[in-house]
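Below, each chain spelled out in residue letters.
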Amino acid sequence: MAATTELVQGDITGQRVDAIVNAANHSLLGGGGVDGAIHRRGGPDILAECRRIRSEQYPDGLPTGEAVATTAGRLPARWVIHTVGPTWAKTKDKSPLLRSCYQRSLAVADQLGARTVAFPLVSAGVYRWPKDDAVRQALSVLRSSDTAVERAVLVLFDAATLAIAERVAAGTP
Ligand code: AR6
């Protein structure tokens with residue numbers, strides 16, 4: 001069955017869900033945006049686990065579109081699922097990779113037994129993906145994927161992005 005999807009405005013690090021998804025990069029060693037906020041608020045245990053995953057499973061970095069889980073340190077969630085979105089490119093359609101971030105994150109959530117999962121708008125910050133299309137891709141995967149996750153929350157950081165997401169969710173251009 002597909003998860004019920006919700007749109008909320010806020011900071012993903014405060015979400016009271018089983019797992020939150022991190023918009024990470026190949027290195028898994030932190031960065032700005034959501035990634036920076038998660039490591040700042042979650043504390044050093046998350047980074048230590050990321051380092052172990054890098055050295056044991058992904059010496060060349062986590063590929064774009066893949067996802068891996070760590071515990072969540074001091075965050076209210078139990079797990080962080082780290083995924084790497086594609087950078088936006090005008091001349092190349094990378095949407096299968098963006099969709100894969102949501103698909104693989106749901107698969108990891110299922111392996112963990114997570115029933116509630118919060119997602120940021122992957123690739124729509126530093127990686128410059130247009131926000132309306134980022135929402136479109138996210139919702140189309142979340143609404144159609146077969147998963148044991150019951151509640152998928154798409155967290156929009158500010159009111160303007162929430163308004164875009166509500167418009168896209170309602171199917172208006
Ligand atoms: N909670 C929810 N959403 C947030 C938060 C937050 N705390 N902070 C930012 N956003 P980004 P990307 C929104 O840049 O585009 C990092 O350096 C933000 O407004 O976090 O996938 C990584 O290490 C935007 O709408 O992720 C990578 O190098 C969305 O979250 C790179 O950025 C995603 O923005 C990944 O870039």
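Rules used throughout
Residues numbered from 1 in each chain as written. Predicted model: local features only at pLDDT ≥ 70, side-chain atom pairs only at ≥ 80, totals over all residues. Heavy atoms only, no water. Near = heavy atom within 4 Å. Polar contact = N/O pair within 3.5 Å; in protein donor to acceptor, adjacent residues only side chain to side chain. Areas by Shrake-Rupley, 256 points an atom, 1.4 Å probe, with all protein chains shown as cover. 1 Å grid on protein atoms, 1.4 Å probe; cavity = no way out; pocket = protein on both sides within 12 Å on 5 of 7 lines; lining within 4 Å. Sits in = over half its atoms within 2 Å of the grid points. Helix = DSSP H or I, 4+ residues; strand = E, 2+ residues; numbered from the N terminus. Nonpolar A, V, L, I, M, F, W, Y, C, P; charged D, E, K, R; others polar. Points joined across faces, edges and corners; volume = space filled by probe spheres on them. Contact = heavy atoms within 4.5 Å. Phe/Tyr/Trp six-rings, centres within 6.5 Å; stacked < 30°, edge-to-face > 60°. Buried < 20%, exposed > 50% of the residue type's maximum accessible area, 1.4 Å probe, protein only. Pairing = 2+ DSSP bridges. Right-handed = clockwise from strand over helix to strand, strands pointing away. Salt bridge = Lys/Arg side-chain N within 4 Å of Asp/Glu carboxyl O.

Draft legend 1. Broad picture of the site of the ligand. Around the ligand, the surrounding shell holds 22 residues, and the nearest of these are Asn25, Gly32, Val34, Asp35 and Gly125. Within the side chain of Asp35, a nitrogen or oxygen atom sits 2.7 Å from an oxygen atom of the ligand. The contact in question runs from an oxygen atom of the ligand to an N or O atom on the backbone of Gly125, over 2.8 Å. Relative to its free-state accessible area of 700 Å², the ligand is covered by the protein chains to the extent of 91%. Of all the cavities here, the one that holds the ligand is the largest pocket. Secondary-structure elements contributing two or more residues to the shell around the ligand are strand E2 (19-24) and helix H1 (33-42). If you tally residues by element for the shell around the ligand, the top one is H1, at four residues. Split into classes, the residues belonging to the shell around the ligand amount to eleven nonpolar, eight polar and three charged.

Draft legend 2. Local environment of the layout of surface pockets. If you add up the space inside the largest pocket, you get close to 570 Å³. Looking at the largest pocket, it is lined by 27 residues, and the ones nearest its centre are Ala23, Gly33, Val34, Leu121 and Gly125. Contributions of two or more residues to the lining of the largest pocket are made by E2, H1 and strand E6 (151-156). Broken down by element, the lining of the largest pocket gets its largest block of residues, four residues, from H1. Grouping the amino acids of the lining of the largest pocket by side-chain chemistry returns 14 nonpolar, nine polar and four charged.

Draft legend 3. Here's a closer look at the side chain of Thr70. Position of Thr70 relative to the elements: it lies in strand E3 (residues 67-71). A distance of 2.9 Å separates polar atoms of two side chains, one belonging to Thr70 and the other to His82. In contact with Thr70, other than residues within four places in its own chain, are Ile46, Glu49, Cys50, Ile53, Arg78, Trp79, Val80 and His82.

Draft legend 4. Representation of the packing of aromatic side chains. With the rule as written, the count across this model stands at two aromatic pairs. When the ring of Trp88 is compared with that of Trp129, the centres are 5.1 Å apart and the planes differ by 75 degrees; the resulting orientation is edge-to-face. Of this pair, Trp88 sits in the loop between strand E4 (79-84) and helix H3 (95-112) while Trp129 is found in the loop between strand E5 (116-119) and helix H4 (131-144), placing the two residues 41 residues apart along the sequence.

Draft legend 5. Geometry of the environment of Ser144. With respect to the element layout, Ser144 can be found in helix H4. For Ser144, a relative accessible area of 54% puts it in the exposed group. Sequence separation between Ser144 and Leu162 is 18 residues, and the spatial gap between their C-alpha atoms is 21 Å. Side-chain polar atoms of Ser144 contact the backbone oxygen of Ser140, separated by 2.7 Å.

Draft legend 6. Spatial organisation of the pairing of E5. The alternating pattern of E5 places Thr116 and Ala118 on one face and Val117 and Phe119 on the opposite face, and all of these are buried. By the bridge criterion, two bridges tie E2 to E5 in an arrangement that is parallel. Residue pairing in the sheet places Ala19 in a bridge with Val117 of E5. In the sheet, E5 pairs with E6 via four bridges, with the strands oriented parallel. Residue pairing for E6: Val117 is matched across the bridge by Ala152. Between E5 and its parallel partner E6, the chain crosses via H4, and the hand of that crossover is right-handed.

Draft legend 7. Highlighting the pattern of salt bridges. Within this structure, the stated rule accounts for four salt bridges. Across the pair Glu66 and Arg104 runs a salt bridge, and its minimum N-O distance is 3.3 Å. Of the two residues, Glu66 sits in the loop between helix H2 (44-56) and E3 while Arg104 sits in helix H3, which places them 38 residues apart along the sequence. Exposure remark for Arg104: the relative accessible area of 29% places this residue in the partly exposed category. Two residues, Asp133 and Arg136, come together in a salt bridge whose shortest N-O distance is 3.4 Å. One end of the pair, Asp133, and the other, Arg136, are both in helix H4, three residues apart, so they sit about a helical turn from each other.

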